[in-house]
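Coordinates in review
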Amino acid sequence: MSTPNIGFIGFGEAAACIAEGLATEGNSKITAFDVSPRPDQNGVTMAETMEDLLAVSDIVFAAVTCTVALDVAKQAAPHLGDRHLYVDINSVSPETKIAVGDVVTATGARYVEAAVMAGVPGFGHKVPMLLSGEAAGDLIAEMSPLGMELEDFGPELGRASALKMFRSIMVKGMEALFQECVLGADHYGVAKKVLDSVGDGYPGVDWDQMAHHLIGRTAIHG
């Protein structure tokens, strides 16, 4: 089975981790473009321009900062065609995902919005992704054999991103709450007693372990 030609627009931490993992699966057709010039690395060939990248790539992952996701799609549009599958993995609003999809599909290219549901450094290319868009099945067919963990969440754009955003309200909210509560309580030497007291009202949860986990996540990724 032939492996697809994969491209990354933006080559920061997330893209580099995914690309490195795909290379270990035997994919040697990986190209990336980043506005900050950098040498070829980890089996990835760096393109000099976005046009050069899209000329040699069939499946394109957009992995840029959230503020430029739509602008990047507009810059890519003149070089996209019906052979391209454009996958937006940026953490942006459902409305931005839909707007990117409008730009991409107007070129004849296929579009998939992807919500990355865990920290990429811990999983690499196997990080769970939730997909929305009519071409989600096409992406799964191409990339699942390379070890990617992809779930089709239906054809309607915006749903995968909405799920991630509202989930983040809970996860990031708990991280902030634990940090404010536990670090403040620890200053007075009462953190353990506070967590024990919370556990009395909400049994079945190891609140001490959760505090360590969530505060640790914040320290590393926040």
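Keep in mind that what you see is a predicted model, and the values were worked out from it rather than measured. Numbering of residues starts from 1 in each chain and follows the order in which that chain's sequence is written. Local features in this predicted model are restricted to residues of pLDDT 70 or higher, and side-chain atom pairs are both shown and tallied only at a pLDDT of 80 or more, whereas totals for entire chains, interfaces and linings draw on every residue. With hydrogens and water set aside, each side-chain value is computed from the structure's full complement of heavy atoms.

Concerning the packing of helix H3 (residues 69-76) against helix H4 (residues 94-105)
- Axes here mean lines fitted to C-alpha atoms, for a helix over just the part in contact, with angles spanning 0 to 180 degrees between N-to-C directions. Numbering goes from the N terminus for both helices and strands, where a helix is a DSSP run of H or I of at least four residues and a strand is a run of E of at least two. Following both chains from N to C, one finds H3 and H4 inclined at 0°, their axes separated by 9 Å at the closest point. For the element pair H3 / H4, the angle class is roughly parallel. Of the residues in H4, those touching H3 at Ala 69, Leu 70, Ala 73 and Lys 74 are Ala 99, Val 100 and Val 103.
- Its residues assigned to classes, the contact of H3 with H4 shows six nonpolar, no polar and one charged. Put simply, angles under 35 degrees are roughly parallel, angles over 145 are roughly antiparallel, angles from 65 to 115 are roughly perpendicular, and the rest are oblique. Only heavy atoms matter for contacts: two residues are in contact if any of them lie within 4.5 Å across the pair. Charged residues are taken to be Asp, Glu, Lys and Arg, nonpolar residues to be Ala, Val, Leu, Ile, Met, Phe, Trp, Tyr, Cys and Pro, and polar residues to be all remaining types, Gly included.

What to know about the packing of aromatic side chains
- What counts as a ring pair is set by centres within 6.5 Å for rings of Phe, Tyr and Trp (its six-membered ring), and what kind of pair is set by the plane angle: stacked under 30 degrees, edge-to-face over 60, tilted for all other angles. What the rule picks out here adds up to five aromatic pairs.
- Ring centres 6.0 Å apart and planes at 20° place the aromatic pair Phe 178 and Trp 207 in the stacked group. With Phe 178 in helix H7 (residues 159-187) and Trp 207 in helix H9 (residues 207-221), the pair connects residues that are 29 residues apart, well separated along the chain. We note that Phe 178, like Trp 207, is buried.
- Seen in terms of ring centroids, Tyr 202 and Trp 207 are 6.2 Å apart; in terms of plane orientation they differ by 65°. Their pairing is edge-to-face.
- These aromatic residues form a ring-pair network of at least three members: Phe 8, Phe 11 and Phe 61.
- Lysine and arginine charges are scored as sitting over a ring when NZ or CZ, respectively, is within 6 Å of the ring centre and within 35 degrees of the ring normal. Sitting over the face of the ring of Phe 153, Arg 159 holds its NZ or CZ atom 4.2 Å from the ring centroid. Exposure classes here rest on a 1.4 Å probe applied to the protein chains alone. A residue is buried below 20% of its type maximum, exposed above 50%, and partly exposed in between.

Quick look at the sheet that holds strand S3 (residues 44-46)
- Read across the sheet, eight strands follow the order S3-S2-S1-S4-S5-S6-S7-S8 without closing on themselves; strand pairing throughout is mixed. Each end of this open sheet is capped by a strand with a single partner; those strands are S3 and strand S8 (150-152). The sheet shows a mean angle of 25° between the axes of neighbouring strands, direction not considered.
- Where helix H6 (residues 136-143) meets the sheet, it contacts strand S1 (6-9), strand S4 (59-62), strand S5 (85-88), strand S6 (110-116), strand S7 (129-132) and S8, and its direction lies at approximately 155° from that of S8.
- H7 contacts S6 and S7 of the sheet and is inclined by roughly 15° relative to S6. Only when DSSP finds a minimum of two bridges between them are two strands counted as paired.

A word on the environment of Leu 70
- Along the chain, the position of Leu 70 falls in helix H3.
- On the basis of relative accessible area, Leu 70 is assigned to the partly exposed category, the value being 25%.
- In contact with Leu 70, not counting residues within four places along its chain, are Ala 99, Val 100 and Val 103.

What is shown is where atoms sit, not what they do.
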